[in-house]
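# Examination of the molecular architecture
So the chains spell out like this:
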Amino acid sequence: MAMLKVDNINVYYGSIHAIKDISFEVNQGEIVTLIGANGAGKSTTLQTVSGLLRSKTGSITFLDERIDHIPAHKLVSKGLAQVPEGRRIFLQMSVMENLQMGAYTSKGNTKEDLESIFERFPRLKERTNQIAGTLSGGEQQMLAMGRALMSHPKLLMLDEPSMGLAPILVEQIFDIIKELHKAGSTILLVEQNAEMALKVADRAYVLESGRITLTGTGAELAASDQIKKAYLGG
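What you see is a predicted model, and the numbers here were worked out from it, not measured in a lab.

### Thoughts on helix α6 (residues 137-149)
- Between its terminal C-alpha atoms α6 stretches 19 Å, which fits the 18 Å expected from 13 residues at 1.5 Å a residue.
- When α6 is considered as a whole, its buried residues turn out to be Gly-138, Glu-139, Gln-140, Gln-141, Met-142, Leu-143, Ala-144, Met-145, Gly-146, Arg-147, Ala-148 and Leu-149.
- Contacts from the buried residues of α6 go to β6 (80-83), α3 (95-102), α4 (110-120), α5 (122-126), β7 (155-159) and α7 (167-182).

### A word on the pairing of strand β1 (residues 2-13)
- As defined by bridge partners, β1 adjoins strand β2 (residues 16-27) across eight bridges and the pair is classed as antiparallel. Directly across from Ala-2, in β2, lies its bridge partner Asn-27.
- Between β1 and β2, which follow one another and run antiparallel, lie two residues, and Gly-14 among them has a positive phi close to 65°.
- The sheet contact formed by β1 and strand β4 (residues 59-62) spans four bridges and is antiparallel. Opposite Lys-5, over in β4, you have Thr-61 as the bridge partner.

### Here's the deal with the packing of aromatic side chains
- One pass over the full model with this rule turns up one aromatic pair.
- On the basis of an interplanar angle of 55° and a centroid distance of 5.6 Å, the ring pair of Phe-24 and Tyr-205 is categorised as tilted. Taken together, the positions of Phe-24 in strand β2 and Tyr-205 in strand β9 (residues 203-208) put the pair 181 residues apart, joining distant regions of the chain.
- Looking at Lys-56, its charged tip hangs above the ring of Tyr-12, at a distance of 4.7 Å from the centre.

### Some remarks on the layout of surface pockets
- Of the pockets and cavities examined, the largest pocket occupies roughly 650 Å³.
- Forming the boundary of the largest pocket are 24 residues, of which Val-76, Ala-81, Gln-82, Pro-84 and Arg-147 lie nearest the centre.
- Among the secondary structure elements, those contributing two or more residues to the lining of the largest pocket are α2 (72-75), β6, α3, α6 and β7.
- The biggest single contributor to the lining of the largest pocket is β6, with four residues.

### Overview of unusual backbone geometry
- For Asn-8, which is not glycine, the phi torsion reads 55° and is therefore positive.
- Examined against the element boundaries, Asn-8 turns out to sit in strand β1.
- When its relative accessible area of 32% is taken as the criterion, Asn-8 is described as partly exposed.
- Backbone geometry places Glu-160, a non-glycine residue, at a positive phi of 50°.
- By the element assignment, Glu-160 lies in the loop between β7 and α7.

### Description of the sheet that holds β4
- Read from one edge to the other, the open sheet built from four strands follows the order β2-β1-β4-β5, with strand pairing classed as antiparallel. Each of the sheet's edge strands pairs with one partner strand only, and the pair in question is β2 and β5 (65-66).
- As paired strands, β4 and β5 are joined by two bridges and run antiparallel to one another. Bridge pairing in β5 links Phe-62 to Glu-65.
- Together, β1, β2 and β4 form the strand contacts of helix α1 (residues 42-49), whose direction differs from that of β1 by roughly 115°.

### Some details on the nonpolar core
- Grouped together as the largest cluster of nonpolar side chains are 43 residues, with contacts concentrated most on Met-145, Leu-156 and Ile-177.
- For this core, the leading source of residues is α7, giving seven residues.
- Excluding residues within four positions of it along the chain, Ile-177 makes contact with Ile-31, Met-145, Leu-158, Pro-161, Ile-187 and Leu-189.
- Grouped together as the second largest cluster of nonpolar side chains are 27 residues, Val-6, Leu-34, Ile-60 and Leu-155 included.

### With respect to the environment of His-181
- In this structure, His-181 sits in helix α7.
- By relative accessible area, His-181 is classed as partly exposed at 23%.
- C-alpha separation for the pair His-181 and Ile-31, spaced 150 residues apart in sequence, amounts to 7.1 Å.
- Once residues lying within four places of it in the same chain are set aside, the contact partners of His-181 are Gly-29, Glu-30, Ile-31, Ile-187 and Asp-202.
- Side-chain polar atoms of His-181 contact the side chain of Asp-202, separated by 3.3 Å.

About the cut-offs
- Residues numbered from 1 in each chain as written.
- Predicted model: local features only at pLDDT ≥ 70, side-chain atom pairs only at ≥ 80, totals over all residues.
- Heavy atoms only, no water.
- Helix = DSSP H or I, 4+ residues; strand = E, 2+ residues; numbered from the N terminus.
- Expected span 1.5 Å × (residues − 1).
- Buried < 20%, exposed > 50% of the residue type's maximum accessible area, 1.4 Å probe, protein only.
- Contact = heavy atoms within 4.5 Å.
- Pairing = 2+ DSSP bridges.
- Phe/Tyr/Trp six-rings, centres within 6.5 Å; stacked < 30°, edge-to-face > 60°.
- Lys NZ or Arg CZ within 6 Å of the ring centre and 35° of its normal.
- 1 Å grid on protein atoms, 1.4 Å probe; cavity = no way out; pocket = protein on both sides within 12 Å on 5 of 7 lines; lining within 4 Å.
- Points joined across faces, edges and corners; volume = space filled by probe spheres on them.
- Axes fitted to C-alpha atoms, helices over the stretch in contact; angles between N-to-C directions.
- Core = buried A, V, L, I, M, F, W, Y, C linked by side-chain atoms within 4.5 Å.
- Polar contact = N/O pair within 3.5 Å; in protein donor to acceptor, adjacent residues only side chain to side chain.

Right under this line is the structure:
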């Protein structure tokens, strides 16, 4: 049963047709990744799912409910959380304040939730009172992920989590994604680093010029000559 079902969406920026008849599904417990070159439409697709952009056609269904006309801020309480491209943390606020902002829709125990986040991201525990804007890029990405997890998402959407990070930090971020998956999280991952994304993905979709051109398991696409040539330098 699909947790998220995107059916025939078309998104425009003025006269530019950015997303063309895209359909895909994410099942509970999966990591599904959207890969493609810069400008292929990956982030636009994610922003449409999270309610920041609107499709002219089709439907988006989450846990059997149509969500394509629900405002973005209301989707968080339904169990959708997005870690945006470029992290978008509150730079002037402390690490702790950023995490507390992530819990604003949560009815859970914030103290317990914070302990769980600090267990997963020990670096953040060491820096609870530090101003978020002074963190390194990798620490800011961890904070953005921690903030999203504070809302207890049923579906975690990650938009380019490795962007701008040194290779060793990219490895760390993908280790965290694997740990979250192992703990039962369902993840929709948009990522330019096709090699890393396909290693962790159960299933993957390839976007080119706003269309899905290939789909398969992460392993199938990683082994594809077409993908190797286009994205993996093979």
